Amino acid sequence: MISELKQELTNMINDVNSLNDLQNIKVSIFGKKGRITLLTKDMKDKTIEERRQIGQEVHQLKEYIEIIIKQKELFLIEKKINDDINNEAIDIYLPGMEFNSGTLHPLTITRNEIESFFNSLGFAVIEGNEIESDEYNFEKMNIPKDHPARDMQDTFYFSVEELLRTHTSPMQARTMEANAPDGPIRVIVPGKTYRRDEDDLTHSHQFMQIEGLVIDKNISLADLKGTLELFAKNIFGSNTKIRFRPSYFPFTEPSVEVDVTCHVCHGQGCSVCKQTGWIEILGAGQVHPNVIDNCGYDSNVYQGFAFGMGVERVAMIKYGIDDIRLFYNNNLNFLKQFDKIK
Amino acid sequence: MIVSYKLLNKYVDLKGIDPFELGDILTNAGLEVENVRALAQGSDLVIGYVKEAYPHPNSDKLTVCLTDVGNETLKICCGAKNVGQDMYVIVARPGCQLDYAKVPVIKKVTLGGVESNGMICSLSEIGIPSKFQTHEQLAGIEVLDHEYQLGAEALKTLGYNDFILDISLTPNRSDIYSIYALAIEVAGLLNTTLFDVEQNIEQKQEGLYHINIESEDCLSYGLFTFTNLNAQEGSYENKIMLYALGFKPRFNIVDDGNMAMVISGNPVHTFDADKLKSKKFIIKKGLEEEHFLALDDKEYQITKDDLLIINGDEIVAIAGVIGSKSSCIDENTKNIVVESAAFSHVSVRNTARRLDLFSEASVRFSKIVNSYTLEFPIKIMEELLNVKCDAINKVNYLKYEAKPIKLTHEKITKVLGITIAFEECVAILRRLSFKVEIEDSTLIAYPPSYRKDVEIDVDLIEEIIRVYGYENIIASLPLQEINDHPLSNIQTLVNHTKKLLNDFGLNEIITYQLSNARKLDQFSLEKNYKELYNPLNNERMIYRDNLLTSLVECIEYNKSYQINDQQLFEISHVFVDNKEKTYLSLGLIGNYYQGNWHNQALKADFYIMKALIFDWLAKLGFYYGRVLIEPVAKDHPFLHPKKSAYITMNKKIIGVFGQLHPRLAQEKKLNECLIAQIDLSLLSTNKGRINKYEGLSLIPSVYRDLSLIVPNDIYANEIIKVVKQGNNKLIKDVKIFDLYYGQELPEHTYSMALSLEIGNDNENLNELEINNLINKVLKELQNKLNIILRN
Ligand SMILES: [Zn+2]
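Since we're looking at a predicted model, the values are computed, not measured. (Residues numbered from 1 in each chain as written. Chains lettered and ligands numbered in written order. Predicted model: local features only at pLDDT ≥ 70, side-chain atom pairs only at ≥ 80, totals over all residues. Heavy atoms only, no water.)

Asks: Help me out: how do you make sense of the overall build of chain A in this one?
Replies: For chain A, the helix and strand inventory stands at 12 helices and nine strands. Expected size for 342 residues packed as a compact globule is a radius of gyration near 20 Å; at 42 Å, chain A overshoots this value by more than 25%. By the burial criterion, 53% of the 342 residues in chain A qualify as buried. Here the contacts in chain A between residues at least 6 apart in sequence split such that 66% fall between residues at least 24 apart. Looking at chain A as shown, the accessible area adds up to about 16,200 Å², and 50% of this sits on carbon and sulfur atoms. Taken together, the 38 basic and 51 acidic charged side chains of chain A have centroids lying 11 Å from each other. (Helix = DSSP H or I, 4+ residues; strand = E, 2+ residues; numbered from the N terminus. Rg over C-alpha atoms; globule rule 2.2 N^0.38 Å. Buried < 20%, exposed > 50% of the residue type's maximum accessible area, 1.4 Å probe, protein only. Contact = heavy atoms within 4.5 Å. Areas by Shrake-Rupley, 256 points an atom, 1.4 Å probe, with all protein chains shown as cover. Lys, Arg positive; Asp, Glu negative; His and termini not counted. Charge placed at Lys NZ, Arg CZ, Asp CG, Glu CD.)

Asks: I'm lost on the overall build of chain B in this one. Help?
Replies: Of regular secondary structure, chain B possesses 21 helices and 41 strands. For 791 residues, the compact-globule estimate of 2.2 N^0.38 gives 28 Å, and chain B exceeds it by more than 25% at 42 Å. C-alpha extents for chain B along the principal axes are approximately 125 × 80 × 60 Å. Considering only contacts within chain B whose residues lie at least 6 apart along the sequence, 69% involve residues at least 24 apart. Looking at chain B as shown, the accessible area adds up to about 38,100 Å², and 48% of this sits on carbon and sulfur atoms. A gap of 6 Å separates the mean positions of the 84 positive and 106 negative side-chain charges of chain B.

Asks: Just checking my understanding: could you explain the nonpolar core for this structure?
Replies: What tends to happen in soluble globular proteins is that the nonpolar side chains get buried as a cluster. If you look at the biggest cluster of nonpolar residues, it comprises 193 residues, and the most contacted ones within it are A:Phe307, B:Ile613 and B:Trp616. When residues in this core are grouped by element, the largest group, 10 residues, is from helix H5 (residues 179–190) of chain B. In contact with B:Ile613, other than residues within four places in its own chain, are B:Leu586, B:Ile647, B:Phe657, B:Ala676 and B:Ile678. Ranked by size, the runner-up nonpolar core spans 36 residues in total, among them B:Tyr221, B:Phe271, B:Ala319 and B:Ala352. (Core = buried A, V, L, I, M, F, W, Y, C linked by side-chain atoms within 4.5 Å.)

Asks: Sorry if this is basic, but what is going on with the coordination of the zinc ion here?
Replies: Octahedral metal centres with six donors ideally show angles of 90 or 180 degrees, and tetrahedral centres with four donors ideally show 109.5 degrees. All names here are of chain A. The zinc ion binds to the protein through Cys262 (SG), Cys265 (SG), Cys270 (SG) and Cys273 (SG); the donor distances cover 2.2 to 2.3 Å. Metal-centred angles of 105 to 113° between the four donor atoms at the zinc ion mark the site as tetrahedral. Considered as a linear motif, the donors of the zinc ion on their single chain read C-x2-C-x4-C-x2-C. Of the residues examined, Cys265 reaches a relative accessible area of 12% and is grouped as buried. (Donors = N, O, S within 2.8 Å, 3.2 Å for Na, K, Ca; no water. Tetrahedral: all angles 85-135°; square planar, octahedral: opposite > 155°, others 65-115°.)

Asks: Teacher, can you tell me more about the sheet that holds strand E11 (residues 205–206) of chain B here?
Replies: Two orientations exist for strands paired in a sheet by backbone hydrogen bonds: parallel and antiparallel. All names here are of chain B. On the basis of which strands lie adjacent, the open sheet formed by five strands has the order E11-E22-E13-E21-E14 and mixed pairing. Edge strands, defined here as strands with exactly one partner in the open sheet, are E11 and strand E14 (268–272). Where strand E13 (residues 218–226) and strand E22 (residues 391–395) come together, five bridges link them in antiparallel fashion. Opposite Phe224, over in E22, you have Ile392 as the bridge partner. (Pairing = 2+ DSSP bridges.)

Asks: Explanation requested: the side chain of B:Thr303 in the structure shown.
Replies: Residue and element names in this part refer to chain B. Tracing the backbone through its elements, the reader meets Thr303 in the loop between strand E17 (299–301) and strand E18 (307–311). On the basis of relative accessible area, Thr303 is assigned to the buried category, the value being 15%. Once residues within four sequence positions are removed from consideration, Thr303 is found in contact with Gly286, Leu287, Glu288 and Arg354.

Asks: For this particular structure, what's the right way to read the layout of surface pockets?
Replies: A probe matching the size of a water molecule, rolled over the atoms, marks out where space remains unfilled. All names here are of chain B. In this structure, the second largest pocket encloses a volume near 1,700 Å³. Lining the second largest pocket are 35 residues, and of these Tyr607, Lys610, Ile629, Ala716 and Asn717 sit closest to its centre. Counting residues per element, the ones that place at least two in the lining of the second largest pocket are helix H17 (606–619), strand E34 (627–631), strand E35 (639–649), helix H20 (716–724), strand E39 (731–740) and strand E40 (749–758). Residues of the lining of the second largest pocket, tallied by class, amount to 22 nonpolar, four polar and nine charged. Counting the residues that make up the lining of the second largest pocket, at least three belong to each of domain 5 (489–683) and domain 6 (702–789). (1 Å grid on protein atoms, 1.4 Å probe; cavity = no way out; pocket = protein on both sides within 12 Å on 5 of 7 lines; lining within 4 Å. Points joined across faces, edges and corners; volume = space filled by probe spheres on them. Nonpolar A, V, L, I, M, F, W, Y, C, P; charged D, E, K, R; others polar. Domains from an automatic or database assignment.)

Asks: Could you clarify how one ought to interpret the domain arrangement of chain A in this entry?
Replies: Interfaces are often sized by the amount of accessible area the parts lose when they come together. The domains assigned to chain A are domain 1 (2–87) and domain 2 (106–338). One C-alpha centre belongs to domain 1 of chain A, the other to domain 2 of chain A; they are set 90 Å apart.

Asks: Just checking my understanding: could you explain the domain arrangement of chain B for this structure?
Replies: All names here are of chain B. On domain assignment, one finds that chain B holds domain 1 (2–36 + 164–190), domain 2 (45–158), domain 3 (205–395), domain 4 (405–472), domain 5 (489–683) and domain 6 (702–789). Using only C-alpha atoms to locate each centre, domain 2 and domain 3 end up separated by 40 Å. Each partner contributes residues to the interface: domain 2 has 11 residues there, and domain 3 has seven residues. Buried surface at the junction of domain 2 and domain 3, both sides included, amounts to about 780 Å², of which 59% is carbon and sulfur. A per-residue breakdown of the area domain 2 buries against domain 3 is headed by Phe132, Asp145 and Leu158, which together make up 56% of the total. Summed over the shared surface of domain 2 and domain 3, the result is zero salt bridges. (Buried area = accessible area lost by both parts, 1.4 Å probe. Salt bridge = Lys/Arg side-chain N within 4 Å of Asp/Glu carboxyl O.)

Asks: Is there a simple way to explain the side chain of B:Asn335 in this structure?
Replies: In this structure, B:Asn335 sits in the loop between strand E20 (322–323) and strand E21 (336–343). One polar contact links the side chain of B:Asn335 to the main-chain amide nitrogen of B:Asn228, over a distance of 2.8 Å. (Polar contact = N/O pair within 3.5 Å; in protein donor to acceptor, adjacent residues only side chain to side chain.)

Asks: Sorry, what's going on with the sheet that holds strand E23 (residues 405–408) of chain B here?
Replies: Residue and element names in this part refer to chain B. Pairing is antiparallel in the open sheet, where three strands are placed in the order E23-E25-E24. The open sheet has two free edges, formed respectively by E23 and strand E24 (435–439), since each of these has just one partner strand. Adjacent strand axes in the sheet meet at a mean angle of 25° when their direction is disregarded. Note that E24 and strand E25 (residues 442–446) share five bridges and pair antiparallel. Its bridge partner being in E25, Glu437 is matched across the sheet by Ile444. In this fold helix H12 (residues 422–431) packs onto E24 and E25, with an angle of close to 160° to the strand it touches most, E24. (Axes fitted to C-alpha atoms, helices over the stretch in contact; angles between N-to-C directions.)

Asks: Where do I start with the interface of chain B and chain A in this structure?
Replies: On the chain A side, the residues contacting the 84 residues of chain B number 93 residues. Here chain B and chain A share an interface that buries about 7,400 Å² over both sides, 55% of which is from carbon and sulfur atoms. The tally of links between chain B and chain A comes to one salt bridge. Between chain B and chain A we count 41 residue pairs in polar contact (both at pLDDT 80 or more) in total. A total of eight residues in the side of chain B that touches chain A trace back to one element, the largest contributor, which is strand E30 (residues 566–576) of chain B.

Asks: It is not clear to me how H17(B) should be interpreted in this structure. Could you clarify?
Replies: Residues that lie three or four places apart on an α-helix share one face, since the helix turns once every 3.6 residues. Residues and elements named next belong to chain B. The first and last C-alpha atoms of H17 sit 20 Å apart over 14 residues, in line with the 20 Å expected at 1.5 Å per residue. Looking at H17, one finds that the buried residues are Phe606, Ile608, Met609, Leu612, Ile613, Phe614, Trp616 and Leu617. Gly621 lies just past H17 and shows a positive phi near 95°. (Expected span 1.5 Å × (residues − 1).)

Shown next, in the form of structure tokens:
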């Protein structure tokens, strides 16, 4: 009789398909009026021996049924999780939430890169005013009145004495004066500068310049070359080479134009570098003794180098931009193209 | 500067170096060669002779020419009107490449049933620019002036086998405006022979003229008389040289003057001696209101700044710029007076610029010409005209005495950072025509008269290194003690601000600093403008005093590209209160967050702008309380009067923000555009508070929500102030989580729902304590602000 019941209950449990039904079966077996509970109800007319016999069998049955219920339960839980997972399937190709990610202007990105390179070499970053005096923009930089380099065509004036700086060099003079007569100098000066030019593909009346100045007793042209070689590798890639070409600036002597190997053709010649393999990137040289003397140092003892580069030009080369005016149009579709680039 | 390779080769041995290589050498030495090109183009061109010419049987326009090219006679159909029998011509045979011809590759063709075996060339077809040609040359084929060997290579035989180098000169090297000075340079660079030429002319008899210099701007002045000349066409070879140098050939006196100028670098001006009314020359400054009819048939107004050449009482030239119509030479001229002079380059430059008269002469005079070689062009003219100068009048002709420049070997090494053998330094300078004396390891250099740019020792070092080669410098890094130089407050503030606003999803813009009053007026507070006196155009005349003008312009611009959601900022200098300051501008329009299938868009409004500003400030350590929002004291014409506010700190206004005024919004079609402008210079005078650890409470807060009925004229700040007052220890935070306006509320009220965070860091509060606190808050709200609990 117990074995029949065991078979019946086992079949019942096997046939169950939900946790809910299993719970109901559990009650029908072990509840107050459960099938197993009832087995031990009418034992008054049984002998002690019989009672023990039945008790033992019922106990074994109970244990057995509990185990298979537990197994069934675990099976059904696992089944439910799997069913639920399948019902919770989503379309992973739907777009996620759209965050606003802001962008820095490409000129700022380029400027930051240049600044952090020179920072790592121990250059301080200083800035100055854009409205400057004739004295600091020109006179102290060894560009006297009537010098062709200060042609009225090129400079925006507010008055005879006041102008929009044409380069960041006035800060060279101001920095030297602040450190004269014997303080060592190692600075870069980023900032907006102005030329009285019509805007076109390659000219902008407003542009951004970064100027560098190192002054001490033994700072040589070879040091300039080493510094700019590192700079070029850092900004344009580790294979970049530089070359010096003689040039002329009133505030440096010797003066050089500095070219870097074309990043497109790596020196083989292409349309970007006009088949030369080289791209002009900045002007530099040893600070002219007149400038050093003008700013409170003794040029017989102190010397050093200076360089100046256009941030637009560096950015145009790096990103392959062909129209300088794009920087100042601020079309958002343009501005948002640069945030992914280091 | 245009240079003929052939002409240069007359003065320096180019050792057969090809023109392109020469171009590279010059560029590497600092004389940037922008372009090297052949004077004429065409492969396999030969000299031919038209033995017979007869009209084409089927075409009015063509002539059939039987042309002898030495080894054969070619039948050529030629379309030029000027072609005819017994002419020497330039012939392109089939297979010939002619880049400038209409059909660049010449082929055997049949024209109107007659075969044509090549082409007879015009000057244009071999690449001579039309501006140098006569009407006849432009209208037809080039007819050669005399006999040549038939079949000979045409370009070489005629002298067209020249190359033109276009050199862009830096201002210090204006000496190179002389072919001879370039020859000196090239001789140094190639270490080759410079052909010495006589630059002075024999002492002649005193001329008939009397010269009186009455202005400091005339440094030297000489008049050289030539008599009994024949004005005539120059030789074919000379004409070709003029094409190469960029001149249109005219007649010998003019052409030779131009050649003399190009070679010597000293411009000359030639008067027709018979047209001069007086023997008396005065060089002086002009008078206002004077007029002058120049040889270009134009009348020019003279000012007191112009230097004039006066003959008798007639102006015969504006010094260095242009001569008069009345004294100029022509094809009938027999006797000439040639002026060779040195003027102040500043004076000539200013006059040339004012009159917009830039000729080969005035361009040279606008730089510093070599005032020690004034006889050189006359010497060249003598040779070219094949006539000796008769008489000379000269004033202040100076003999060149070079100034010595001392340079030690130690200095060379110190400046360059590499060691170049002393002997090599000396040799380089000598190759460049410097005279050099040596004392131990010091050299004393005497520059040639052309090299006015070499004045001090470092100038000599530059000469040495540019010839030695910059590529030979071994790179090193500067060694020095470096002092710590932290960023200034404003630099730090700007850097942090860019980073933070970037994180908030704003896009940085950089706009022009120069604007105009019409635009600035709309957003300017003071309208006290910093104005340029030489603006380039009407758009850019003023250094801006605000950033909002360009910000709104930029928003409009992007709108025009259908970019409707914009979040912008700019940090830039402006000129306000008579000084340069750093401002920040912010602009929002459209959605601040894009919506999509997943979440709703968040439209930019006053409160988003407010949050941006005050979150940014808080992150900089300027917490609310130190910075405050305050109502605007006066209406700003560019801001919505009811949706705008000041940002203040220490009772000073550091910025203003709000919605663009509806009037401007309508005009610019920018609905619900939010703008802000903040004075970073002023903000940077304060230090942001640095966070300190405040301890960590382990006792959880409890939260209670209150729904209140608030009179319409009570603002949020007052309510929060009352809630926090007196209970500030226990009420940790107050959030306004809902506002409600509804008919069922009492008149002139609205409903505000607050969530209070209540807690005591030391012990748990019991229900009674919390209820007592809430009741106290409610009582104060009722007493002070007439606010009651809803329901
Ligand atoms: Zn390339």
